[in-house]
Amino acid sequence: MIPHSDPNDGPGTMKLIEELTTNAGQVQQQVLKEILTGNAHTEYLHGFLNGETDRGLFRRRVPIVDYDRVKPYIERIANGEPSDIISSKPIVELLTSSGTSGGQPKMMPSTEEDLDRKTFMYNLLIPVMNQYVDGLDRGKGMYLLFIKPEISTPSGLTARPVLTSYYKSRHFRDRPFNRFNVYTSPDETILCADSKQSMYCQLLCGLAQRSDVLRVGAVFASAFLRALKFLEDHWEELCSDIRTGTVSEWIADPSCRDATQRVLQQPNPDLAASIAKECAKELWEGIVKRLWPRTKGITVGFDDVRVVGVLLWDQSEAVGSPRDVSYTLLPNMCYYEFIKVEKNEEEERDEALECNGDGNIENNENSNNNNNNNDNDIKNNTKVVDLVDVEEGCYYELVVTTFTGLYRYRVGDILMVTGFHNAAPQFRFVHRRNVVLSVDTDKTSEEDLLNAVASAKLLLRPLGCLLTEYTSYADTSSIPGHYVLFWEIKPSAAADLSNLDRTVMEDCCMAVEAQLDSVYRRCRTRDRSIGPLEIRVVRPSTFDALMDFCLLQGSSVNQYKTPRCIKSKEAIGILEEKVEGRFFSRNSPTGNH
């Protein structure tokens, strides 16, 4: 049963969250019972449980699986077989992943009730924000939201990204008025299939209503940064439209064009002039606050329907780094389990491992064998724990059992427990399970790389340059292999990317290496199994080309996140074609080995 949540009833919503998190353990048991009772006779679960719904049997017999194990079942449904292969309720569509973290997009089953569950979650966001930011009902939000065209499977089911599904559903299009969450973007601009026209019209509407804007944001920070880059490239045309009160002729989508025209209403040369004055300045630092002066913060959402949290940076009061923000998992959204992992050891355990037999990690050649008893569950002694049994300060891999046909599914996220809200743990996202750099015995996570780059980029300041994007890969084409970082740098007016100060860039290489862990430093210095780290500086807009490539592979502009580690030869080739300079560490890193 999905609880009722009214986004206009802040106290009622917060009371509901308190009840759910206080009774997290009981709620989780009820969720699992509901899932098992409702789906006991599906082909998948019946093969393991033979109609039983006991939690202990579920933990002992049903294996923990990754996408490769569930993919055949989903493909059968996509090809026309009935939903009861995995779900007692009809599968109404298939939701595709972003495809930027693990390769090609994955398809996940979704039911009509799943949209109700997403709506429940989205209705919680604004009441939570209201606890920290006052006056959100006295203005609008400029949220840049986009859809991606869907595809049709052989069965006739639609496959599309999760947010495209939500925006096209009645839950979004027919949503009740919420004075705390009024958008500057008309629905027609959000639902425009052409992402460029959608972006242009949403920015135009946001600028035309700049005096009403209290908050800005997008689904991911990278999407918002891309919007600012689009604004930097098109501000003169946008100002021209505001000045004349007309929408540019190249906006061809009639619904999008008409809705935007209704927002413009009439010429506004004074507004156009004030916007142009800010955009024409050489430095764009603080441009959000300058263009939308009433903005209280930047809100960045997420694509994981199981997580509730808000990333908010207030211009007048620092609230900490985004990577320090913790999220609370709502216990009624699905059934959660957690594989405890040691930092930087999860990839070793992932090789050919699955889970079977009382939740222990074990080698499992045939996980459909319900009576498989393998000594590795004793050797590894790695238990899978419930939501309320995780320990603060420890790292875990997330496993979910959903209402829509996924059972003990490895999401791939590595989380760290930072504390508890009542009985519900709070987590900080660390990195994706397999997204690490490794040449030898070293294993560098996304978090480690982020921290190292954050330290090194400070050395660019004296050059008047700004690091705008980066990614990496482990180049093992030579011996020894080495880390390669692609950096897109925005130079000052006087700087030239083709003539960057070599000493400073080499110092950046060394600064990155100095922040990596002791295993890396040992491999570099003592074992010499890793070569000097390399930074390759690429031309402006190179990462736009990388994003375009990822979109062609099936990613959604709404869900796209710049991959911090890439393995695709094609993606590496796109970056390599635009390299302006190559720089290497001069010396081996120092420190404890």
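Here the structure is a predicted model, which is why all the values come from computation and not from measurement.

Participant: Mind showing me how you'd approach the overall build of the protein chain here?
Facilitator: On a plain count of helices and strands, the protein chain comes out with 21 helices and 23 strands. Burial status across the protein chain gives 55% buried among its 593 residues. By sequence separation, contacts in the protein chain at least 24 residues apart represent 69% of the contacts at least 6 residues apart. Accessible area of the protein chain: about 25,500 Å², with a carbon and sulfur share of 48%.

Participant: Help me understand the sheet that holds strand β20 (residues 466-475) in this model?
Facilitator: Whether parallel or antiparallel, the strands of a sheet pair through hydrogen bonds between backbone atoms. Pairing is mixed across the open sheet formed by four strands, whose spatial order is β20-β21-β22-β23. Both outer strands of the open sheet, β20 and β23 (579-584), are each paired with one neighbouring strand and no more. The mean angle between the axes of side-by-side strands here comes to 20°, regardless of whether they run parallel or antiparallel. As paired elements, strand β21 (residues 482-490) and strand β22 (residues 534-538) share five bridges and run parallel to each other. Its bridge partner being in β22, E488 is matched across the sheet by V538.

Participant: Honestly, the pattern of salt bridges in this entry has me stumped. Any pointers?
Facilitator: Side chains that carry opposite charge are capable of pairing whenever their charged atoms lie near each other. Applying the stated rule across the entire model yields 34 salt bridges. E112 is paired through a salt bridge with R170; the nearest N and O atoms lie 3.6 Å apart. Of this pair, E112 sits in helix α6 (residues 112-130) while R170 sits in helix α8 (residues 170-173); the two residues are 58 residues apart in sequence, bridging distant segments of the chain. A relative accessible area of 45% places R170 in the partly exposed class.

Participant: Just to check I follow, could you spell out the nonpolar core for this structure?
Facilitator: Looking at soluble globular proteins, one finds that nonpolar side chains tend to be buried together. Counting residues in hydrophobic clusters, the biggest one holds 78 residues, and the most contacted among them are Y167, Y336 and F338. When residues in this core are grouped by element, the largest group, eight residues, is from α6. Each of two domains, domain 1 (1-109 + 324-353 + 383-433) and domain 2 (134-295), supplies a minimum of three residues to this core. In this structure F338 touches L329, K383, V384, V385, D386, L387, V390, Y396, E397, L398, L415 and F427, once residues within four positions along its chain are discounted.

Participant: Explanation requested: the sheet that holds strand β2 (residues 107-110) in the structure shown.
Facilitator: Strand order across the open sheet formed by four strands is β2-β1-β5-β4, with mixed pairing between neighbours. Only two strands of the sheet have a single partner each, and these edge strands are β2 and β4 (151-152). Strand direction decides the pairing type here: strand β1 (residues 93-96) and strand β5 (residues 158-161), joined by four bridges, are parallel. Bridged to T96 within β5 is P161. The strands touched by helix α5 (residues 67-78) within the sheet are β1 and β2, with β2 carrying the most contacts at an inclination of about 60°.

Participant: It is not clear to me how the side chain of T119 should be interpreted in this structure. Could you clarify?
Facilitator: Within the element layout of this structure, T119 appears in helix α6. Excluding residues that lie within four positions of it along the chain, T119 makes contacts with Y166 and H171.

Participant: What should I look at first to understand the side chain of Q209 in this one?
Facilitator: Along the chain, Q209 turns up in the loop between α10 (195-208) and β6 (213-218). Within the local environment of Q209, its side chain forms a polar contact with the backbone oxygen of C205, the two atoms lying 3.1 Å apart. Excluding anything up to four places from it in sequence, Q209 contacts K140, T184 and V263.

Participant: Honestly, the pairing of strand β3 (residues 140-144) in this entry has me stumped. Any pointers?
Facilitator: Within a regular strand, the side chains alternate between the two sheet faces. Among the five residues of β3, four are classified as buried, and the element is accordingly described as predominantly covered. With five bridges connecting them, β3 and β6 associate as parallel partners. Bridge pairing in β6 links L144 to A218.

Participant: It is not clear to me how the environment of K289 should be interpreted in this structure. Could you clarify?
Facilitator: Along the chain, K289 turns up in helix α14 (residues 287-291). For K289, a relative accessible area of 32% corresponds to the partly exposed category. For the pair K289 and V216, spaced 73 residues apart in sequence, the C-alpha separation works out to 10.0 Å. A polar atom in the side chain of K289 sits 3.3 Å from the backbone oxygen of P293.

Participant: Help me understand the environment of N332 in this model?
Facilitator: Along the chain, N332 turns up in the loop between β10 (327-329) and β11 (335-341). On the basis of relative accessible area, N332 is assigned to the buried category, the value being 11%. With 302 residues separating them in the primary sequence, N332 and Q30 have C-alpha atoms 8.5 Å apart. Excluding anything up to four places from it in sequence, N332 contacts P3, L20, V27, V31, R117, F120 and F403.

Participant: Explanation requested: the packing of α10 against helix α12 (residues 254-264) in the structure shown.
Facilitator: The description of two helices packed together rests on the angle between their axes and the distance between the axes. At a closest axis distance of 9 Å, the pairing of α10 and α12 adopts a crossing angle of 10°. What the angle tells us is that α10 and α12 run roughly parallel. Residue-level contacts link Q197, C201, L204, C205 and A208 of α10 to C256, T260, V263 and L264 of α12. For the contact of α10 with α12, the residue count by class is seven nonpolar, two polar and no charged.

Participant: Any chance you could explain α5 here in plain terms?
Facilitator: Along an α-helix, a turn takes 3.6 residues, which lines up residues three or four apart on a common side. Taking 1.5 Å of rise per residue, twelve residues should cover 16 Å, and α5 covers 15 Å from first to last C-alpha, within 8% of that figure. For α5, the complete set of buried residues consists of Y67, R69, V70, Y73, I74, I77 and A78. Each buried residue of α5 lies within a common arc of 165° when the element is viewed along its axis, so the set occupies one face. A positive backbone phi angle near 115° is found at G80, which sits one or two residues after α5.

Participant: Help me understand the packing of helix α17 (residues 446-456) against helix α18 (residues 502-515), please; the structure alone is not making it clear to me.
Facilitator: Running from amino to carboxyl end, α17 crosses α18 at an angle of 140°, the nearest separation of the two axes being 8 Å. What the angle tells us is that α17 and α18 run oblique. Note on packing geometry: the crossing formed by α17 with α18 is right-handed. Each of A452, S455 and A456 in α17 lies in contact with α18, whose residues at this interface are C508, A511, V512 and Q515.

Conventions used here
- Residues numbered from 1 in each chain as written.
- Predicted model: local features only at pLDDT ≥ 70, side-chain atom pairs only at ≥ 80, totals over all residues.
- Heavy atoms only, no water.
- Helix = DSSP H or I, 4+ residues; strand = E, 2+ residues; numbered from the N terminus.
- Buried < 20%, exposed > 50% of the residue type's maximum accessible area, 1.4 Å probe, protein only.
- Contact = heavy atoms within 4.5 Å.
- Areas by Shrake-Rupley, 256 points an atom, 1.4 Å probe, with all protein chains shown as cover.
- Pairing = 2+ DSSP bridges.
- Axes fitted to C-alpha atoms, helices over the stretch in contact; angles between N-to-C directions.
- Salt bridge = Lys/Arg side-chain N within 4 Å of Asp/Glu carboxyl O.
- Core = buried A, V, L, I, M, F, W, Y, C linked by side-chain atoms within 4.5 Å.
- Domains from an automatic or database assignment.
- Polar contact = N/O pair within 3.5 Å; in protein donor to acceptor, adjacent residues only side chain to side chain.
- Parallel < 35°, antiparallel > 145°, perpendicular 65-115°, else oblique.
- Nonpolar A, V, L, I, M, F, W, Y, C, P; charged D, E, K, R; others polar.
- Expected span 1.5 Å × (residues − 1).
- Arc of directions from axis to C-beta.
- Left-handed = near helix turned anticlockwise from the far one by under 90°.

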